[in-house]
Amino acid sequence: MQESAKVVFFDEIEVEMPVITTFSAMMFIFKHTKDLVKYIEKERPADQGTGFVPTMGALHEGHLSLIGKAKEENRLVVCSIFVNPVQFNDANDFKLYPKTPEKDILLLEHAGCDVLFMPEVEEIYPPGEEMTEHYDLGYLETVLEGKYRPGHFQGVCRVMRRLLQTVAPNRLYLGQKDYQQCLVIKRLLSLMHFKTEAVICPTLREAGGLAMSSRNRRLSEQEKIKARGIFEALTFIKEHLEPGAKENVVSQAGDILKRNGVLADYVEIADMENLNTLEVWDGQTPAIALIAAFMGKVRLIDNMIIRS
Ligand code: AMP
C-alpha cells in the first residue's frame, strides 16, 4: 500500500498530514462556501441522497457514528467542522474548545465522508454583515440550556441556517446527547420551511457511561472517572422514577452527583416533545431526564430517555 493520505485540498488548508497507510476513499475539503456550493450542485445525487453532519471538530466516535448513519442512508455525505463563536456564552469555553484538525481529517476520511467543509469565521459571518436575525424558539429558549446559556440557541440557529442554506441536505444527522439542540434545530427547519429531515442518533458513551464529548479532552483521567456520576444519576432516575412527584428521585440523583464531586446546574425531568418540565409524571407521557453539570471547570451535558 502507498504511504500517503489521499485527501484533496481546495485552497490552502494549513494542516500537517501525518504519513499514514492509504485507504481507497477520497474526501474533498472546502474552505469557501462558493466552492462547496459549486461542488454540491454538480455532485448532488438525483435520488435525494445528501446527508449532512455538522460538528465543531475534535471528533470522537460519537461524531463518527453520525457519519456512519449518514453513509447508510445517503450517497453524498457532507460534514462541517466549525467552532461557532456566536453560540458560546462563555469566552473561556470558546478559547479552550479543543481543536484537532489533522486528526479530524483522517478520521473523516477513514469513515468514508465525501466532503468536509472547514470554513473560517469570516466565511460564515462576513465582516460588516449585520447579525440582527432573531429566531422565535419560544419556551425552548428559556429552559435548561436556554436558561443557563443565554443567547446560545440563537447562535446555534445562526450557524445552522447558514450551513443548511449552503449544503441543502435531504437529511441532517444530530446527536441525542444535545437533545434540546435537536428540538431547537427541528424548530429552525420548520421556521425556515427547510425540507431537510432531522435524524436523531443515539448517544455514544465511554466504557463506564460517560457520554463522549469533545470537552472530555479537557478532563483529567481522575475527573473522567468522577464524571461517570452523571450517567449514574441519569440511570438512577430511569430505574426509580414512578408516576407521581419526582422530588425524591431527583434529590437522590443530585446526591449521586455530589458524591462524585460533580456540581449540577440542573437535574430535570421533562416532556420529550417540548421539554416542558414535569413536576408530576403520569407514567405515560414520553419523558426524558436531563443533566448539566460541572466537572472541575468543564461543563458537561447528558440525558436519558425514561419513556418514549
Ligand atoms: P459537536 O461537535 O459537539 O457540536 O457535535 C456535533 C454533533 O455530534 C451534534 O449533533 C452532537 O449532538 C453529536 N454528538 C456529540 N457527542 C455525541 C455522542 N457522544 N454520541 C452521538 N452523537 C454525539
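Bear in mind the structure is a predicted one, so any value in this text is a computation, not a measurement.

*Asks:* Please give an account of the site of the ligand that cites residues and values.
*Replies:* Around the ligand, a shell composed of 16 residues is seen, among which Met56, His63, Asp178, Leu204 and Met212 lie nearest. Gly175 has a polar backbone atom sitting 2.9 Å from an oxygen atom of the ligand. In this structure, a nitrogen atom belonging to the ligand sits 2.9 Å away from a main-chain N or O atom of Met212. When the ligand is considered free in solution it has 480 Å² of accessible area, and contact with the protein chains removes 93% of it. Of all the secondary-structure elements, those providing two or more residues to the shell around the ligand are strand E3 (50–55), helix H2 (61–73) and strand E6 (171–175). Looking at which element gives the most residues to the shell around the ligand, the answer is H2, with three residues. Grouping the constituent residues of the shell around the ligand by class yields eight nonpolar, six polar and two charged.

*Asks:* Give me the sheet that holds strand E11 (residues 287–295): which residues, what numbers.
*Replies:* Spatially, three strands are ordered E9-E11-E12 in an open sheet, and the strand pairing comes out antiparallel. The sheet is open, and its two edges are formed by strand E9 (263–271) and strand E12 (298–307), each paired on a single side. Sheet twist, expressed as the mean angle between neighbouring strand axes with direction ignored, is 15°. In the sheet, E11 pairs with E12 via nine bridges, with the strands oriented antiparallel. Along E12, the bridge assignment pairs Met295 with Val298. Against the sheet, helix H9 (residues 221–240) makes contact with E9, E11 and E12, and its axis sits at roughly 25° relative to E12, the strand it touches most. Contacts between helix H10 (residues 247–259) and the sheet are confined to E9 and E11, with E9 contributing the most and set at about 150° to the helix.

*Asks:* How would you summarise the packing of aromatic side chains if you had to cite specific residues and measurements?
*Replies:* By the definition in use, this model includes six aromatic pairs. Centroid distance Phe82 to Tyr125: 6.2 Å. Interplanar angle 50°. Geometry classified as tilted. In this pair, Phe82 is assigned in the loop between strand E4 (76–81) and helix H3 (91–95) and Tyr125 in the loop between helix H5 (121–124) and helix H6 (145–148), connecting sequence segments 43 residues apart. According to the relative accessible area criterion, Phe82 is buried, its value standing at 5%. The class of Tyr125 is buried, set by a relative accessible area of 10%. A centroid spacing of 5.2 Å and a plane angle of 55° characterise the contact between Phe88 and Phe94, whose relative ring orientation is tilted. Overall, the relative accessible area of 29% leaves Phe94 in the partly exposed class. Linked through ring pairs, Phe28, Phe30 and Tyr39 together constitute an aromatic cluster. One cation-aromatic arrangement involves Lys99 over Phe94; the distance from NZ or CZ to the ring centre is 6.0 Å.

*Asks:* How would you sum up empty space enclosed by the protein? Please name residues and give values.
*Replies:* Under the counting rule described, the total for this entry stands at one cavity of 30 Å³ or more. Taken as a whole, the largest cavity holds about 70 Å³ of empty space. Around the largest cavity, the lining residues are Lys177, Gly209, Leu210, Ala211, Ser213, Asn216, Ala227, Ile230, Phe231, Leu300, Ile301 and Asp302. When contributions to the lining of the largest cavity are tallied by element, the ones reaching two or more residues are H9 and E12.

*Asks:* How would you summarise unusual backbone geometry if you had to cite specific residues and measurements?
*Replies:* Located in the positive-phi region is Gln48, a residue other than glycine, with phi close to 60°. Judged by relative accessible area, which is 52%, Gln48 ranks as exposed. Positioned with a positive phi, Leu144 is a non-glycine residue whose angle comes to about 50°. Mapped onto the elements, Leu144 comes out in the loop between H5 and H6. For Leu144, a relative accessible area of 5% gives the class buried.

Cut-off values and rules
- Residues numbered from 1 in each chain as written.
- Predicted model: local features only at pLDDT ≥ 70, side-chain atom pairs only at ≥ 80, totals over all residues.
- Heavy atoms only, no water.
- Near = heavy atom within 4 Å.
- Polar contact = N/O pair within 3.5 Å; in protein donor to acceptor, adjacent residues only side chain to side chain.
- Areas by Shrake-Rupley, 256 points an atom, 1.4 Å probe, with all protein chains shown as cover.
- Helix = DSSP H or I, 4+ residues; strand = E, 2+ residues; numbered from the N terminus.
- Nonpolar A, V, L, I, M, F, W, Y, C, P; charged D, E, K, R; others polar.
- Pairing = 2+ DSSP bridges.
- Axes fitted to C-alpha atoms, helices over the stretch in contact; angles between N-to-C directions.
- Contact = heavy atoms within 4.5 Å.
- Phe/Tyr/Trp six-rings, centres within 6.5 Å; stacked < 30°, edge-to-face > 60°.
- Buried < 20%, exposed > 50% of the residue type's maximum accessible area, 1.4 Å probe, protein only.
- Lys NZ or Arg CZ within 6 Å of the ring centre and 35° of its normal.
- 1 Å grid on protein atoms, 1.4 Å probe; cavity = no way out; pocket = protein on both sides within 12 Å on 5 of 7 lines; lining within 4 Å.
- Points joined across faces, edges and corners; volume = space filled by probe spheres on them.

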